[in-house]
Amino acid sequence: MVITPVLLAGGSGTRLWPVSRKSFPKQFVPLVGEDTLFQASAKRLSGDRYGAPLVMTNADFRFIVGEQLGKIGIIPSGILIEPAGRNTAPAILAAALTVAQTDPDGLLLVAPSDHVVPDTEAFGHGVDLGVPAAQAGRIVTFGIAPTRPETGYGYMEAEGAGEGPLVLKRFVEKPDLANAEAMLAQGNFLWNAGIFLFSARTLIAAFETHAPEFMAPVRAALTEAKRDLGFLRLAPEPWDRLPDLSIDYAVLEKADNLSVVRFSGHWSDLGGWDAIWREVQDDHPAERGAVTDDRSTAIDCDNVLLRSQDEGIEVVGIGLQDIMVVSTKDAVLVADMNRAQDVKKAVAALKSKGARQAESFLRDNRPWGWYETLALADRFQVKRIVVNPGAALSLQSHFHRSEHWIVVSGTARVTVDDTVTLVTENQSIYVPLGAVHRMENPGKVPMVLIEVQTGVYLGEDDIVRYEDVYSRS
């Protein structure tokens with residue numbers, strides 16, 4: 001029996017701000033190790049047990065998903081684009097209906113794409129344990145054997161303390177410390193990892209019984225979906241009618257055919273900077289609990305996390321205790337380690353004051369490469385633009401700005417109205433206001449240029465696209 005992995009890759013990860021933001025959340029960042037969390041999850045759910053993965057994401061991340069899977073040599077069976085975030089229930093039902101089109105009894109393994117599970121074989125053993133129950137019509141969940149009285153996770157009560165699959169008696173909301181300690185001592189409570197194994201037929205039947213209001217809109221969103229390059233865009237109108245609910249609330253807490261497999265291996269959802277501290281501390285025990293990276297230095301510090309995401313910024317801590325400091329090019333977080341779960345409050349506060357740093361980076365990823373803002377004032381902006389080999393920006397024009405391009409590495413093929421020019425290193429070209437233009441990289445190495453924009457309005461929405469190989473409107 002080949003299992004279809006379903007990777008959920010649409011979250012925003014606000015508790016790991018400023019490294020994780022809405023425009024580029026934590027699942028796409030290499031927070032621990034060289035792979036991103038998304039890549040590590042895809043690798044974990046590959047091999048003989050599994051078929052090609054099905055990815056659920058949103059339009060902003062579709063090219064990131066494709067690029068990161070391509071870098072690790074994994075070809076997905078499909079990338080479904082949700083028109084809007086509606087939590088996990090609609091996304092998982094859409095995945096089940098997709099698999100049911102070819103195999104109603106096919107098994108799906110649904111997993112978040114931002115968790116850390118280093119022991120792939122131990123996890124695979126847990127999946128193997130759950131397969132017979134899933135084939136018999138059970139919805140199998142995976143519970144993590146707790147190692148501490150954690151108040152930041154939901155729990156599940158199993159009927160017994162064995163490996164499983166065991167009957168799942170009930171879900172428990174995030175507890176206070178006293179209840180977490182009591183559940184840890186009892187031995188049959190597990191952390192809810194949000195990982196599920198079931199057949200397409202079983203899950204669809206569960207929705208028909210417990211959450212029938214989801215069925216028609218999700219079916220319509222799939223039926224009316226549009227192919228877009230290698231993606232499948234779910235139809236927005238029916239999707240917008242869906243409730244915003246997790247799979248737990250919509251179905252699982254009402255179902256009576258739940259089982260749980262106990263996983264005793266290492267697991268983390270990296271739900272805050274304290275979790276990053278624990279993860280790195282476990283892998284590389286440091287003197288007095290000071291966790292640093294190559295651009296950070298701790299002097300006489302106890303239980304601190306010092307991290308710099310920018311090569312040009314050195315972070316130094318002296319005499320600190322229970323403090324986390326995370327620096328990026330445009331923001332710095334300083335907080336008590338015990339307030340890690342409150343980082344999302346910082347994001348909300350920044351949004352309320354209109355700060356760009358709440359959700360966006362200076363660097364913006366595009367399907368053709370990326371750009372970053374180097375300087376921004378009322379009437380000019382300077383960007384560094386990197387275009388991948390063989391990639392091309394859209395054929396476009398602007399109402400409010402002109403542009404001056406200076407190539408600093410590689411070669412650009414530049415179209416300005418009816419003229420096509422090859423611009424090489426140390427050469428420049430001017431794009432007048434209103435000119436129809438395009439930039440391409442015909443070479444085999446990344447092309448880098450500096451763009452100077454001048455005009456009364458410099459927003460990214462001042463783009464009129466005439467042609468685009470990435471089908472952006």
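Residues numbered from 1 in each chain as written. Predicted model: local features only at pLDDT ≥ 70, side-chain atom pairs only at ≥ 80, totals over all residues. Heavy atoms only, no water.

Draft legend 1. Layout of the sheet that holds strand 12 (residues 290–291). Sheet architecture is open: 4 strands sit in the order 12-14-16-17, paired in mixed fashion. Among the strands making up the open sheet, the edge pair consists of strand 12 and strand 17 (332–336). Across 5 bridges, the pairing between strand 16 (residues 323–327) and strand 17 is antiparallel. Across the sheet, Met324 pairs through a bridge with Ala335, a residue of strand 17. (Pairing = 2+ DSSP bridges. Helix = DSSP H or I, 4+ residues; strand = E, 2+ residues; numbered from the N terminus.)

Draft legend 2. Seen up close, the sheet that holds strand 20 (residues 380–387). In spatial order, the strands read 18-19-20-27-22-25; together these 6 strands make up an open sheet with antiparallel pairing. Each having just a single partner strand, strand 18 (363–366) and strand 25 (428–431) make up the two edges of the open sheet. Here the strands of the sheet are splayed against their neighbours by 20 degrees on average, with no regard to which way each runs. Here strand 22 (residues 401–409) runs beside strand 25; their pairing, made up of 4 bridges, is antiparallel. From the neighbouring strand, Glu403 faces strand 25, where its bridge partner is Val431. (Axes fitted to C-alpha atoms, helices over the stretch in contact; angles between N-to-C directions.)

Draft legend 3. View of the side chain of Asn441. Mapped onto the elements of the fold, Asn441 is located in the loop between strand 26 (437–440) and strand 27 (447–455). Of note is the side chain of Asn441, whose polar atom sits 2.9 Å from the backbone oxygen of Val445. Setting aside residues up to four positions removed in sequence, Asn441 forms contacts with Val387, Asn388, Pro389, Gly390, Ala391, Thr411, Pro446 and Met447. (Polar contact = N/O pair within 3.5 Å; in protein donor to acceptor, adjacent residues only side chain to side chain. Contact = heavy atoms within 4.5 Å.)

Draft legend 4. The arrangement of the pattern of salt bridges in detail. Tallied over the full model, the rule gives 29 salt bridges. With a closest N to O distance of 2.8 Å, Arg21 and Asp330 form a salt bridge. Here Asp330 lies in the loop between strand 16 and strand 17 and Arg21 lies in the loop between strand 1 (3–8) and helix 1 (37–44), a separation of 309 residues in the sequence. Comparing Arg21 with Asp330, the two get one shared label, buried. Residue Asp240 is joined to Arg86 by a salt bridge in which the shortest nitrogen-to-oxygen separation is 3.7 Å. Of this pair, Asp240 sits in the loop between helix 8 (236–239) and helix 9 (247–250) while Arg86 sits in the loop between strand 3 (78–82) and helix 3 (88–100); the two residues are 154 residues apart in sequence, bridging distant segments of the chain. Sharing partners across several salt bridges, the network here consists of Asp310, Lys329, Glu372 and Arg384. (Salt bridge = Lys/Arg side-chain N within 4 Å of Asp/Glu carboxyl O. Buried < 20%, exposed > 50% of the residue type's maximum accessible area, 1.4 Å probe, protein only.)

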